[in-house]
Each structure stands twice: as C-alpha cells, then as structure tokens.
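Next come the chains, spelled out residue by residue.
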Amino acid sequence: MNTSTTTWALRPARPEDVEALAELRATAMRPDLERLGRYDEHRVRQRLRDGYVPEHTSVVVVDGELAGSVTLRPADDGLRLENFYLSPALHGRGTGTAVLRSLLARADEQGATVRLDVLQGSAARALYERHGFTEERQDPIDVFMVRTPMS
C-alpha cells in the first residue's frame, strides 16, 4: 500500500465496534506479547473490551475500511494515549505517523501533556520517540512515556 494513495480518516467509535477492535488488538499485539511470553488469546481481547470507552476512542478508517483504533482520553495530568493499533498490513507505511501527528496537534492546541505506555521492545516506541515522547519509567513489561506540549 503506497501512503501517497492511501486515504485515512478518524471517525468516532461506536459501541458495536468493540469486537472488531478487540480482534485488531489481538492481531497487532500478538508478536510483541509472544516475544514477552505474555500472549493469551482471550485476555488480549478482554482487556480492550474491559477498557473500551467509545466516547474517547476513534476508529482509523483506511480506504473506507476499519484499519485501526486510538483512544485519547482525559486524565488528571493531561491526556492518555491508549489502544493505538493499526492493521499489521499498514505498519511502516506512514499511516500511524499521520494519525499520531493529528492527535498530537490536537493535544498541543489544548496545551496538554500526553502520556502512554508501550510494550518493552515494541517498534512503536521509535514512532513515539520521533514525535517527542521520552521515557518516564519502565517495568519488565512496559515503558511509560510522556510528551509535553509543543509550541
């Protein structure tokens, strides 16, 4: 898929999107979770179901098809970026960068600090670092990152 011809958009998530997004999460996270010895085919889906908040979640639509999700929810100290998953077919094609850039522009307009966590060893960490996120702390599974507003 060529990013110059790929069209993407964000649309508000709906309650009925939960199962498709849980399946996408399982597919997208499987390689990293298996590498960490933490893949559980039921738990990976249930964690999304348990934390699903459609009013703070957007569905990534690429060429008219559901291709990802991202949650940007208010937190006491700014915003939390969660559940940012793209179909593996889109990895490395610029869609994640474009989506992240648009979300961070919104956060910057609000003057909001954004926090997230990413699995240890995940390629997504490099994407976040390119967009100004720095490590706050880590544990054996996750790296917790923060980005202050850009002016």
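Everything discussed here concerns the structure shown above.
This structure is a prediction, so every number in the text was calculated from the model and none was measured.

*Asks:* Whenever I open this one, the overall build of the chain confuses me. Can you help?
*Replies:* From N to C terminus, the chain includes four helices and seven strands. Going from N to C terminus, the chain has its helices and strands arranged as β-α-α-β-β-β-α-β-α-β-β. Whereas a compact globule of 151 residues would reach a radius of gyration of roughly 15 Å, the chain reaches 15 Å, a difference of no more than 12%. Seen through its principal axes, the chain has C-alpha atoms that stretch 40 × 40 × 30 Å. Considering the chain as a whole, with its 151 residues, one finds that 43% of them fall into the buried category. A separation of at least 24 residues holds for 59% of the contacts in the chain among residues at least 6 apart in sequence.

*Asks:* Explain the pairing of strand β5 (residues 114-119) here, please?
*Replies:* Remark: a regular strand shows side chains that alternate across the two faces of the sheet. Across the six residues that make up β5, a large majority, five, are buried. In this structure, strand β4 (residues 78-86) lies alongside β5, joined through two bridges in parallel fashion. Note that in β5 the partner of R80 across the bridge is R115. Taken together, the six bridges between β5 and strand β7 (residues 142-147) define a ladder with antiparallel strand orientation. Across the sheet, residue L116 finds its bridge partner in β7, namely M145.

*Asks:* Please clarify how helix α1 (residues 18-35) should be interpreted in this entry.
*Replies:* Between its first and last C-alpha atoms α1 spans 26 Å; for 18 residues at 1.5 Å apiece the expected length is 26 Å, and the two agree. Helix geometry: α1 is bent most strongly at M29, by close to 50 degrees, with proline P31 lying one to four residues after it. Every buried residue of α1 is listed here: V18, L21, A22, L24, R25, A26, A28, M29, D32 and L33. Contact partners of the buried residues in α1: α2 (43-51), β2 (57-62), β3 (65-75), β4 and β5. Residue G37 follows α1 closely and has a positive phi angle near 70 degrees.

*Asks:* Got a minute to help me understand the pattern of salt bridges in this structure?
*Replies:* Pairs can form between side chains of opposite charge once their charged atoms are near each other. Inspection of the entire model under this criterion finds 14 salt bridges. Ionic pairing is found between R49 and E19, a salt bridge with its closest N-O pair at 2.9 Å. You can see R49 sitting in helix α2 and its partner E19 sitting in helix α1, a full 30 residues away along the chain. The exposure class assigned to R49 is partly exposed, which follows from its relative accessible area of 29%. Taking the relative accessible area as the measure of exposure, E19 reaches 42% and is therefore partly exposed. One salt bridge in this structure joins E34 and R30, with 2.6 Å as the shortest N-O distance. Linking E34 with R30, this pair stays in helix α1, spanning four residues, or about one helical turn. Residue E34 is classed as partly exposed on the basis of its relative accessible area of 42%.

Conventions and cut-offs
Residues numbered from 1 in each chain as written. Predicted model: local features only at pLDDT ≥ 70, side-chain atom pairs only at ≥ 80, totals over all residues. Heavy atoms only, no water. Helix = DSSP H or I, 4+ residues; strand = E, 2+ residues; numbered from the N terminus. Rg over C-alpha atoms; globule rule 2.2 N^0.38 Å. Buried < 20%, exposed > 50% of the residue type's maximum accessible area, 1.4 Å probe, protein only. Contact = heavy atoms within 4.5 Å. Pairing = 2+ DSSP bridges. Expected span 1.5 Å × (residues − 1). Bend = angle between axes of the 7 residues up to and from the residue. Salt bridge = Lys/Arg side-chain N within 4 Å of Asp/Glu carboxyl O.

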